[in-house]
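The lines below spell out each chain.
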Amino acid sequence: MLDLLPKVFKESLPSAVTAQLATEHETWLLPPLVDLCARLREPGQQQHGTLASEGKAARANGFLHVVIPPDTNPILENGSLLKGLRERALEDGGIYLHVLGALTAGLEGERPSNIAGLKKGGCIAVSNARQPFANDMVLLRTLEYAATFGMKVFFYPDEPSLSKGGVAHEGYIASYHGLQGIPWIAETVALSTQLLMVEETGIAAHFSQLSCKSSVELMRWAKGKNLPVTCDVAMHQLHLTDDNLEGFNAQAYVLPPLRSNTDQQALRRGLTDGTIDAICSHHEPLNSTAKKAPFAESTAGISNLDTFMALACQLVRDDVLTVAQLVDKICLNPAKIAGIDAQYESIGGAVLVDPNLEWQVTADTMLSNGKNTPFFNQQLQGKVVETFFG
Amino acid sequence: MTTSEKNSAKNTVSPTEYAKFDHNTIHQKLNKSLSRPQLNSDGSIRHFLGVEGLNKAQLQAIIAKAETFFDDKGQLINSPELEGCTVMNLFFEPSTRTRTTFEVAEKRLGANVLNIDIERSSTKKGESLRDTLWNLQAMTADIFVVRHSASGAAHFMATEVTPDIAIINGGDGWHAHPTQGMLDMLTIHREAPRPFEELSVAIVGDIKHSRVARSDISALQTLGVKDIRVCAPRTLLPKGMARFGVKVYEDMDSCVTDCDVIMGLRIQNERIGSPLLASSNEYYKHYGITPERVALAKPDAIVMHPGPMNRGVEIASSVADGAQSVILTQVNNGIAIRMAVLSLAMEGQRAHQAAGK
């Protein structure tokens, strides 16, 4: 299992660990995990989680590096705010925080933000999160402006005129429950436009949390054209479908919505064949009252850090990925996509995983402040048993 | 080929599509999840949240109970089964017909009735539905009749209230309107020319936004109707409609040919967020329940509509007021069904409380 670790990570391990590994039964020693999208709820939403609580949950579950989107309160568009956040994430939560700055001022989609300043402040890339652009010309010109400063853009593709008001994948399950649907084209229409803009501007782009079969096909096309693009999928999309909404299960309410079995299979194939580069947690912790409302009036989000590794182990058991491919998807590729390879390698570390360890998802076994998960009370298999982070 | 066969062949959405899916298995699974909170361990009704998941005997029991509220001349009677009980009508969205018929039913059963106008009260001040509910239950009541714009609201409330309160769903979002569904079943039981098992039922109109359609389809299936047809332009059909186990039509003439029951649905303009129809005139031309279309159905077919009707859009006035219309009978039956559901839910609550003691 030591072979899975890059040289620098092997060298950073205490010799006691390598000796211990020789006697361990079927454990995996992985490099530290890198999460391309988690919401740690600071600043502005500390009722759901804090850098301290979510940082500790991330660290205990193998994540040493976490990327956060800019849709906090206040919005991440001020270089001086970022430094303090990163410092507190390390001090209080023990994790390295990497920030996406706002692509447009106030995320309002009207004009570019202070992108040069954000780069100087240490943002790894810029993004408009799931907020819309006023029109395609704004998007085009904003991308040109970002390209000027060599900034990468993270997209969360969604066409609001198609998704507005929707709370579930538009299909039989939503229809049966009388829930307003979000058609898959809400994602792919936006993705198509954004890919063409990338082709036009030449900007490097990452597309996060893809959920549809057609999105995978579009990414395959874009990569075939050698566009500078990468993409990820949220871990829950690989294990859940809209069937999990059964009985108005608000714990399965997430945006983009859980989609059909066909979509899920396509996402898994995309992961296997390399079209999808990475898996993110899309961690969204919520307090106990956020889901205490009728489905559509509850708050969207799943708390994912604590269940992430068990679901990753399941992908290996399901023959979707080998352990080495898994390391690429949750450790090495995300580090490259975030542009933090050098820092990642210099910090080093390692994560010991028991892929066979069975455990139950309960309030006690979840470290995140958010206990909002459709896996609550389920028995899962696979867990991080130790992290070797400096 | 007969006219009917030719018309059937015109279906633009293949009715065979639904056959690909084992809708019985899927429905059983989904129905079970939705019915779980509403039954006591002995199968009696504790809350009345939807018809999904209730079996044929349970639906027949509701119909039979409703029948007991008619005298020999077919007039509604009073029955003091809820004397000493308090019923709160919690309407989070506007309603006249449903709220009034519930109130009449409650008073005919001797209940103390409180109408809480939540639409203009605490929720407008930012209070969560959960807190509103907890405050109301602190005022003590036996039954909450609830209407809410969010699908699943009644199910949510059933999980939040104390065990001493029964929830009756007076309509939730696009999801369910189970007392309307059951009054439609009572009407068909009393007025249709044939038993449920032999009927062909056409449901036409805005199915996508209709909670009535979902409850009707579920109840009709449970009561044994094998030929359920739905018809609407694609913009008013929910995605995956064929998987409900119904035949989907886009051609109205084909849909109503040789059927026993034509159920019209209101176009829910207030729920439609984007332009789904070209014009009222075009809709009426292609999907209106006209005398000519009623003539395509069996000669003794009945015409139903949950109201309020848009005359000249969904239905011709001559049909609405005609000999085959049972629309006003539906309203009258609605009181009997609501009396039955209130009575059975109270009975179920008492059984639940007795079992607890």
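What counts and what doesn't
Residues numbered from 1 in each chain as written. Chains lettered and ligands numbered in written order. Predicted model: local features only at pLDDT ≥ 70, side-chain atom pairs only at ≥ 80, totals over all residues. Heavy atoms only, no water. UniProt positions renumbered as here; feature names shortened; annotations may be inferred. Helix = DSSP H or I, 4+ residues; strand = E, 2+ residues; numbered from the N terminus. Polar contact = N/O pair within 3.5 Å; in protein donor to acceptor, adjacent residues only side chain to side chain. Domains from an automatic or database assignment. Contact = heavy atoms within 4.5 Å. Buried area = accessible area lost by both parts, 1.4 Å probe. Salt bridge = Lys/Arg side-chain N within 4 Å of Asp/Glu carboxyl O. Nonpolar A, V, L, I, M, F, W, Y, C, P; charged D, E, K, R; others polar. Axes fitted to C-alpha atoms, helices over the stretch in contact; angles between N-to-C directions. Parallel < 35°, antiparallel > 145°, perpendicular 65-115°, else oblique. Left-handed = near helix turned anticlockwise from the far one by under 90°. Pairing = 2+ DSSP bridges. Buried < 20%, exposed > 50% of the residue type's maximum accessible area, 1.4 Å probe, protein only. 1 Å grid on protein atoms, 1.4 Å probe; cavity = no way out; pocket = protein on both sides within 12 Å on 5 of 7 lines; lining within 4 Å. Points joined across faces, edges and corners; volume = space filled by probe spheres on them. Right-handed = clockwise from strand over helix to strand, strands pointing away. Phe/Tyr/Trp six-rings, centres within 6.5 Å; stacked < 30°, edge-to-face > 60°.

1. Here's the deal with the UniProt feature "binding site: L-aspartate" (unreviewed entry) in chain B
Residue and element names in this part refer to chain B.
Argument step 1. Per the UniProt entry, the sites bearing "binding site: L-aspartate" (unreviewed entry) are Lys125, Arg211 and Arg266 in this numbering.
Argument step 2. Among the structural elements, Arg211 can be located in helix α8 (residues 211-222).
Argument step 3. A polar atom in the side chain of Arg211 sits 2.8 Å from the side chain of Glu93.

2. Some words on the domain arrangement of chain B
Residues and elements named next belong to chain B.
Argument step 1. Assigned domains of chain B: these are domain 1 (29-176 + 334-352) and domain 2 (178-327).
Argument step 2. Computed over C-alpha atoms, the centres of domain 1 and domain 2 are 25 Å apart.
Argument step 3. Counting residues at the interface gives 33 residues for domain 1, matched by 24 residues for domain 2.
Argument step 4. Surface buried jointly by domain 1 and domain 2 totals about 2400 Å² across both partners, of which 64% is contributed by carbon and sulfur atoms.
Argument step 5. It is Val51, Ile63 and Trp174 in domain 1 that bury the most area against domain 2; as a group they hold 29% of the surface buried on that side.
Argument step 6. In this assembly, domain 1 and domain 2 are joined by three salt bridges.
Argument step 7. Glu197 is the salt-bridge partner of Lys56, the closest N and O atoms lying 2.7 Å from each other.
Argument step 8. At the junction of domain 1 and domain 2, the tally comes to seven residue pairs in polar contact (both at pLDDT 80 or more).
Argument step 9. Only α3 (56-67), α4 (97-108), β3 (143-148), β4 (166-172) and α13 (327-356) provide two or more residues apiece to the side of domain 1 that touches domain 2.
Argument step 10. Tallying contributions element by element places α3 first for the side of domain 1 that touches domain 2, with seven residues.
Argument step 11. Its residues placed into classes, the side of domain 1 that touches domain 2 shows 16 nonpolar, nine polar and eight charged.

3. Here we look at the packing of helix α6 (residues 136-148) of chain A against helix α9 (residues 185-201) of chain A
Residue and element names in this part refer to chain A.
Argument step 1. At their nearest, the axes of α6 and α9 sit 10 Å apart, and the two run at 45 degrees to each other. By the angle between their directions, the pair α6 and α9 is classed as oblique. Regarding α6 and α9, the two cross each other, and that crossing is right-handed. Between α6 and α9, the contacting residues are Asp136, Leu139, Leu140, Leu143, Glu144 and Ala147 on the first element and Thr193, Gln194, Met197, Glu200 and Thr201 on the second.
Argument step 2. For the contact of α6 with α9, the residue count by class is five nonpolar, three polar and three charged.

4. Observations concerning the interface of chain A and chain B
Argument step 1. Each partner contributes residues to the interface: chain A has 19 residues there, and chain B has 28 residues.
Argument step 2. On the chain A side of the contact with chain B, Tyr172(A), Tyr176(A) and Glu246(A) bury the most area, a combined 36% of that side's loss.
Argument step 3. Put simply, chain A and chain B have two salt bridges between them.
Argument step 4. Lys292(A) is the salt-bridge partner of Glu160(B), the closest N and O atoms lying 3.6 Å from each other.
Argument step 5. Seen at the junction of chain A and chain B, the total is four residue pairs in polar contact (both at pLDDT 80 or more).
Argument step 6. Among the residues making up the side of chain A that touches chain B, the classes are represented as eight nonpolar, seven polar and four charged.

5. Remarks on the sheet that holds strand β1 (residues 86-91) of chain B
All names here are of chain B.
Argument step 1. Taken in spatial order, the four strands of this open sheet run β2-β1-β3-β4, and their pairing is parallel. Edge positions in the sheet fall to β2 (112-116) and β4, since each of these pairs with one other strand and no more. When strand polarity is set aside, the average angle formed by the axes of neighbouring strands in this sheet is 15 degrees.
Argument step 2. Pairing of β1 with β3, which is carried by five bridges, proceeds in the parallel orientation. Bridge assignment links Leu90 to a residue of β3, and that residue is Val146.
Argument step 3. Those strands touched by α4 are β1, β2, β3 and β4, and its axis lies near 180 degrees from that of β1.
Argument step 4. Strands in contact with helix α6 (residues 153-160) are β3 and β4; relative to β4, the strand with the most contacts, it is inclined by about 165 degrees.

6. So, the pattern of salt bridges
Argument step 1. The tally for this structure, following the rule as stated, stands at 27 salt bridges over all chains.
Argument step 2. Linking Arg220(A) and Asp273(A) is a salt bridge whose minimum nitrogen-to-oxygen distance equals 2.8 Å. Linking Arg220(A) in helix α10 (residues 213-224) with Asp273(A) in the loop between α11 (261-272) and β11 (278-280), this pair joins segments that are 53 residues apart in sequence.
Argument step 3. Two residues, Asp260(B) and Arg194(B), come together in a salt bridge whose shortest N-O distance is 2.8 Å. With a gap of 66 residues between them, Asp260(B) in the loop between α9 (252-256) and β8 (261-264) and Arg194(B) in the loop between α7 (178-191) and β5 (200-204) connect regions that are remote in the sequence.
Argument step 4. With a relative accessible area of 0%, Asp260(B) lands in the buried category.
Argument step 5. You can call Arg194(B) partly exposed: its relative accessible area is 25%.
Argument step 6. Linked through salt bridges whose partners overlap, the residues forming this network are Arg194(B), Asp260(B), Lys298(B) and Asp300(B).

7. Some remarks on empty space enclosed by the protein
Residues and elements named next belong to chain B.
Argument step 1. Under the defined criterion, the tally for this structure stands at four cavities of 30 Å³ or more.
Argument step 2. Here the largest cavity is characterised by a volume of approximately 90 Å³.
Argument step 3. Along its surface, the largest cavity is lined by 13 residues, and Arg97, Gln180, Leu183, Pro306 and Val331 are the ones closest to its centre.
Argument step 4. Looking at the lining of the largest cavity, the element that brings in the most residues is α13, giving five residues.
Argument step 5. Residue classes in the lining of the largest cavity are distributed as four nonpolar, seven polar and two charged.

8. A few points about the UniProt feature "domain: Dihydroorotase catalytic" (unreviewed entry) in chain A
Argument step 1. The UniProt record marks residues 29-214 of chain A with the feature "domain: Dihydroorotase catalytic" (unreviewed entry), using the residue numbering of this structure.
Argument step 2. Here residues 29-214 of chain A runs as 39% helix and 17% strand, with 35 Å between its end C-alpha atoms.

9. Comments concerning the pairing of β3(B)
Residues and elements named next belong to chain B.
Argument step 1. In terms of burial, β3 is largely enclosed, as six of its six residues are buried.
Argument step 2. Neither face of β3 is exposed, since Ile143, Val145 and Arg147 on one face and Phe144, Val146 and His148 on the opposite face are all buried.
Argument step 3. As for the winding sense of the linkage, the β-α-β connection from β3 through α6 to β4 is right-handed.

10. Description of the packing of aromatic side chains
Residue and element names in this part refer to chain A.
Argument step 1. The tally for this structure, following the rule as stated, stands at eight aromatic pairs over all chains.
Argument step 2. Ring plane angle 55 degrees and centroid distance 6.1 Å describe the contact between Tyr172 and Tyr176, whose orientation is recorded as tilted. Taken together, the residues span about one helical turn, with Tyr172 and Tyr176 both in helix α8 (residues 172-177) at a distance of four residues. Taken individually, Tyr172 and Tyr176 each receive the classification buried, so the pair is uniform in this respect.

11. Let's talk about unusual backbone geometry
Argument step 1. In this model, Glu42(A) is joined to Pro43(A) through a cis peptide bond whose omega is -5 degrees.
Argument step 2. Looking at the element boundaries, Pro43(A) is found in the loop between β2 (33-35) and α3 (51-60).
Argument step 3. Between Leu255(A) and the following residue, Pro256(A), the backbone shows a cis peptide bond with an omega angle of 0 degrees.
Argument step 4. Position of Pro256(A) relative to the elements: it lies in the loop between β10 (229-234) and α11.
Argument step 5. Notably, Leu107(A) is not glycine yet its phi reads approximately 55 degrees, a positive angle.
Argument step 6. Along the chain, the position of Leu107(A) falls in the loop between β4 (96-102) and α5 (115-120).
Argument step 7. Residue Leu107(A) is classed as buried on the basis of its relative accessible area, which comes to 6%.
Argument step 8. One non-glycine residue, Thr140(B), lies in the positive phi region at around 65 degrees.
Argument step 9. On the secondary structure map, Thr140(B) appears in the loop between α5 (129-138) and β3.

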